[in-house]
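Structural overview for review
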Amino acid sequence: MASIMPDLTVALSEKLGRGDLVDLCDATEEAIRDGIGFGWVRPPSHQRLEAYWKGVLIVPERDLFIGRLDGTVGGSIQLLKPPPNFEAGIFSASIDTHFVVPWARGHGLAKMLLEAAEQGAKEAELSVIRLDVRATQARAIALYEGCGYQRWGTLNKYHIVNGELVAGYFYVKDLI
């Protein structure tokens, strides 16, 4: 019996239709409930999530990539490029809000999102990319290290989750 391959896509989003915005907010809520970081411990209201994602789209230095599994939003990643007034760091970018919801995991979507952000950084002629992650995010850590990111530091008091301090790891990758 032949298995059906899932349809995986990643695309840069310059605007979000109503359905995509709702799907992205739902995916964000599910990821937060599952313990994925990016600052929230408990999902905020849908209204606040919508405002957050709409805000992301209006910041010129933020590129939002949306990952889909069989047409449904299953994750995202943001590429944060340096603002024009940051001449000393004009060569580097950062990764933010990289997540894949539990139901979309195991198909390579997280890696596809990361590769899309890296390609976006290269196209913007950036040579270094940075990211940070909670020490508890074993799958994300394995992905980043498997994709050539080098851990350069640990911050023992990185986030508070369920009343406990959680460490964070900091990574860098040369793109050239």
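What comes next is a walk through the structure. Predicted model, so just to flag it, every value in this text is computed and none were measured. The residue numbers shown here count from 1 along each chain, following its written sequence. In keeping with the model being predicted, local features are shown solely for residues with a pLDDT of at least 70 and side-chain atom pairs are shown and tallied solely at 80 or more, while totals for entire chains, interfaces and linings include all residues. Excluding hydrogens and water, the side-chain values take into account all heavy atoms of the structure.

**Thoughts on the overall build of the protein**
Our working rule: The helix count covers DSSP runs of H or I at least four residues long, the strand count covers runs of E at least two residues long, and both are numbered beginning at the N terminus. Here the globule rule is a power law, 2.2 Å times the number of residues to the power 0.38, and the radius of gyration is based on C-alpha atoms. Remark: exposure states derive from per-residue accessible area (1.4 Å probe, protein chains only) relative to the maximum for the residue type, with buried under 20%, exposed over 50%, and partly exposed in between. Any two residues whose heavy atoms approach within 4.5 Å are treated as being in contact. Calculation of accessible area relied on Shrake-Rupley with a 1.4 Å probe; when residues are assessed, cover is drawn exclusively from the protein chains displayed. Here Asp and Glu are counted as negative and Lys and Arg as positive; His is not counted, and neither are the chain ends. Charge positions come from single atoms, namely NZ of Lys, CZ of Arg, CG of Asp or CD of Glu.
A count of helices and strands for the protein gives four helices and seven strands. Starting at the N terminus, the α and β elements of the protein follow one another as β-α-α-β-β-β-α-β-α-β-β. Over its C-alpha atoms the protein spans a radius of gyration of 16 Å, differing by no more than 12% from the 16 Å that the globule rule assigns to 176 residues. Seen through its principal axes, the protein has C-alpha atoms that stretch 50 × 40 × 40 Å. The buried share of the protein, reckoned over its 176 residues, is 43%. Taking the contacts inside the protein whose residues are at least 6 apart along the sequence as the reference set, 62% of them involve residues at least 24 apart. For the protein, the accessible area works out to roughly 9700 Å², and carbon and sulfur atoms hold 52% of it. Here the protein contributes 18 positively and 22 negatively charged side chains, and the mean placements of these two sets differ by 5 Å.

**Observations concerning the packing of aromatic side chains**
Note the threshold: Under the pairing criterion, centres of Phe, Tyr and Trp rings, with the six-membered ring standing for Trp, must be within 6.5 Å; the plane angle then separates stacked pairs below 30 degrees from edge-to-face pairs above 60, leaving the rest tilted. We count a charge as sitting over a ring when the NZ of a lysine or the CZ of an arginine lies within 6 Å of the ring centre and within 35 degrees of the ring normal.
Inspection of every chain in the model, using the stated rule, returns six aromatic pairs. Members of the aromatic cluster, connected to one another through ring pairs, are Trp 40, Tyr 52 and Trp 53. One cation-aromatic arrangement involves Arg 151 over Tyr 169; the distance from NZ or CZ to the ring centre is 3.6 Å.

**Quick word on the nonpolar core**
Quick note on the threshold: Here the nonpolar core consists of buried residues drawn from Ala, Val, Leu, Ile, Met, Phe, Trp, Tyr and Cys, with membership extended through side-chain atoms lying within 4.5 Å.
In this structure, Leu 24, Trp 53, Leu 79, Phe 99, Ile 129 and Tyr 149 are the most contacted members of the largest nonpolar core, which totals 43 residues. In contact with Leu 79, not counting residues within four places along its chain, are Glu 61, Arg 62, Asp 63, Phe 65, Ala 93, Ser 94, Ile 95, Ala 117, Gly 120, Ala 121 and Ile 129.

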